[in-house]
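Residues per chain, in single letters:
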Amino acid sequence: MRSAPTILHLDMDAFFASVEQASKPSLRGKAVVVGGLGPRGVVATASYEARVFGVHSAMPMAQARRRAPNAAYLVPRFALYRSISEQVMGLLRALSPLVEPLSLDEAFVDLEAGGAAWDERSARLAGAKLRADIRAVTGLTGSVGLAASKMLAKIASEQAKPDGLVLIEPGTERALLGPLPVRTLPGVGPATGDHLRRAGIHTVDELAEAGEDELVRLLGKAHGHALFAMALARDERPVVAERETKSVSVEDTYDVDIHDRVRVGTEVRRLADRCVRRLREAGLSGRTIVLKVRRYDFSTLTRSETLRGPTDDPAVVREAAARLLDSVDTTGGVRLLGVGVSGLADYTQEDLFAQAAGVPADDLPHEEAEAAPAPEQETPAERRWPAGHDVRHAVYGHGWVQGSGLGRVTARFETPDSEPGRVKTFRVDDPALQPADPLPLVSRRPGEDEGAGAGGGTRAESR
Ligand code: TTP
Ligand code: MG
Ligand code: MG
């Protein structure tokens, strides 16, 4: 393991919710919940103000509404989050060629590989400057962890949240890890956690005391061995530069052409399962299912189907692949079969994503829904108004949808750099009101370069 704390882990604070607060001045300092608003919707994330009420990621939306009835409830705007993620990742790549993104809002950076830091002092400076640059370019806060290994850098950024920086000094790792619950270690999920608890192991210290042989006996060779090393704070995993994974696929070539249609079906199902396993191992999900068939004469064809939202559900992938197979003539025999998933996303939230794609009118919040039947059932699909999405009005300018129902839509007119704005209500088919694209969170002054946050370290670092 290296001797200097030059592995950096960055994670943006309440990412989706912070983006919403940055773009909507009236929501700053307020409880904001982003997620699927339909009956089966779940919370993607909540602002720190909403977390006080016990609202958190993956919680059913109905439960969130009970806990924080006065919070703002918004539908995610993935394209905007992705563009801000790209700005942040760009700042990381300026520090080092070794940047390993883990999700839209999170990445490891090897500062030493980029010459950005070589000891404790330079690492702390690089981390502080990065946080200032992120603030200047995106208007958002991110938390930074610095340590001599990936495991500890990630633990450090978690401790730094929100809006902080924590550096773990080399030599103090074991003392810091010891009292933490075993679930803190990478690779210890709920199942392994339960298993260890039944064996009387709760903390990292207890894991280390159990000894390698006992852990191998409990968890198997590979897992037991790896976990024992982690418990001793030994983590040699390198930061691996981003591989552009655009799709995950598996295929098999057969020695003898397959003619039997039933057998072809079985093989496709098997490949679909294998593909989903690969997808899950990578923590990904995808929207487009691809089937590849090479026939006896080497003619190769691919068929694809795009779902409403990303999935990593084996049943969904299996069914889509089977449907695709139905459209392929295999009578002459099949030499190769493949199943792939592309259009990858970081999180699997069928429900949430499906709703973001097209929110059914009756999924939108409308308090008075039961008071009277909606007079305008004829709302064309393209005139739907998801809560939180941008609008432009011919007179009032740029704003966002605060709510809709009963043939009305309420919008608040404000922009990222305006004062909190006023609310107005319109008929859903008012021609003066149109959907709009998001505005940049930080308006660039003329002549100013993107990334010119240097020297902006005016805020105090916490810890
Ligand atoms: P996280 O980094 O896990 O959470 P966060 O950034 O909202 O808050 P924190 O300050 O604790 O880091 O996830 C990043 C984004 O990914 C989050 O803003 C929304 C999305 N997300 C989901 O859609 N579903 C989930 O279950 C989780 C955990 C995150
Ligand atoms: Mg985050
Ligand atoms: Mg994250």
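Located above this text is the structure these notes cover.
Residues numbered from 1 in each chain as written. Chains lettered and ligands numbered in written order. Predicted model: local features only at pLDDT ≥ 70, side-chain atom pairs only at ≥ 80, totals over all residues.

Chemist: Sorry, what's going on with the site of ligand 1 here?
Modeler: Near ligand 1, the surroundings consist of 17 residues, among which Phe-15, Phe-16, Ala-44, Thr-45 and Ser-57 are the closest. Counting only elements with at least two residues in the shell around ligand 1, the list comes to strand 1 (7-12), helix 1 (15-23) and strand 3 (43-46). Its residues assigned to classes, the shell around ligand 1 comprises eight nonpolar, four polar and five charged. (Near = placed C-beta within 6 Å. Helix = DSSP H or I, 4+ residues; strand = E, 2+ residues; numbered from the N terminus. Nonpolar A, V, L, I, M, F, W, Y, C, P; charged D, E, K, R; others polar.)

Chemist: Help me out: how do you make sense of the pairing of strand 13 (residues 390-393) in this one?
Modeler: Along any regular strand, the residues point their side chains to alternate faces of the sheet. Across four bridges, the pairing between strand 13 and strand 14 (residues 397-405) is antiparallel. Bridged to Arg-392 within strand 14 is His-398. Hairpin remark: strand 13 followed by strand 14, antiparallel, with three residues in the connecting loop. Where strand 13 and strand 17 (residues 433-435) come together, three bridges link them in antiparallel fashion. Paired with His-393 across the strands is Leu-433, a residue of strand 17. (Pairing = 2+ DSSP bridges.)

Chemist: Mind showing me how you'd approach the packing of helix 1 against helix 4 (residues 78-93) here?
Modeler: For the pair helix 1 and helix 4, interaxial distance at closest approach is 11 Å and the crossing angle is 95 degrees. The angle between the axes of helix 1 and helix 4 places the two elements in the roughly perpendicular class. Facing helix 1, whose interface residues are Phe-15, Phe-16 and Val-19, helix 4 presents Leu-80, Tyr-81 and Ile-84. Considered class by class, the residues forming the contact of helix 1 with helix 4 number six nonpolar, no polar and no charged. (Axes fitted to C-alpha atoms, helices over the stretch in contact; angles between N-to-C directions. Parallel < 35°, antiparallel > 145°, perpendicular 65-115°, else oblique. Contact = placed C-beta atoms within 7 Å.)

Chemist: Can you walk me through the sheet that holds strand 2 (residues 32-35) in this structure?
Modeler: Within a sheet, adjacent strands bond to each other through the backbone by hydrogen bonds, running parallel or antiparallel. Across the sheet, which stays open at both edges, the three strands sit in the order 3-2-4 with mixed pairing between neighbours. Taken across any chain shown, the strands that pair with only one partner, and hence form the sheet edges, are strand 3 and strand 4 (72-74). Averaged over all pairs of adjacent strands, the angle between strand axes in this sheet comes to 20 degrees, irrespective of strand direction. Those strands touched by helix 1 are strand 2, strand 3 and strand 4, and its axis lies near 120 degrees from that of strand 2.

Chemist: Looking at this model, I keep getting lost on helix 12 (residues 261-281). Mind explaining?
Modeler: Note that an α-helix has 3.6 residues per turn; residues three or four places apart therefore point the same way. Helix length check: helix 12, at 21 residues, gives a terminal C-alpha distance of 31 Å against a target of 30 Å (1.5 Å per residue), a fit within 8%. All of the buried residues in helix 12 are Val-268, Leu-271, Ala-272, Cys-275, Val-276 and Leu-279. Taken end-on, helix 12 shows its buried residues confined to a sector of 140 degrees, consistent with a single buried face. In helix 12, those exposed residues whose orientation departs by more than 90 degrees from the buried face are Val-262, Arg-263, Thr-266 and Glu-281. (Expected span 1.5 Å × (residues − 1). Buried ≥ 20, exposed ≤ 12 C-beta atoms within 10 Å, placed from the backbone. Arc of directions from axis to C-beta.)

Chemist: Explain the nonpolar core to me, please; I cannot follow it from the model alone.
Modeler: The nonpolar side chains of soluble globular proteins are, as a tendency, buried together. One finds Leu-8, Val-32, Val-33, Val-109, Leu-152 and Ala-156 to be the most contacted residues of the largest nonpolar core, which totals 92 residues. Counting only domains with at least three residues in this core, you end up with domain 1 (175-231) and domain 3 (373-435). Other than its neighbours up to four places away in sequence, Ala-156 contacts His-9, Gly-145, Leu-146, Ala-147, Val-166, Leu-167 and Ile-168. Among the nonpolar cores identified, the runner-up in size contains 21 residues, and Leu-307, Val-317, Ala-321 and Leu-325 belong to it. (Core = buried A, V, L, I, M, F, W, Y, C linked by C-beta atoms within 7 Å. Domains from an automatic or database assignment.)

Chemist: Help me out: how do you make sense of the pairing of strand 16 (residues 422-427) in this one?
Modeler: Burial analysis of strand 16 places just zero of its six residues in the buried class, a small minority of the element. Relative to strand 16, strand 15 (residues 408-413) runs antiparallel, the two being bridged by six bridges. Within strand 16, the residue paired with Arg-412 across the bridge is Val-423.

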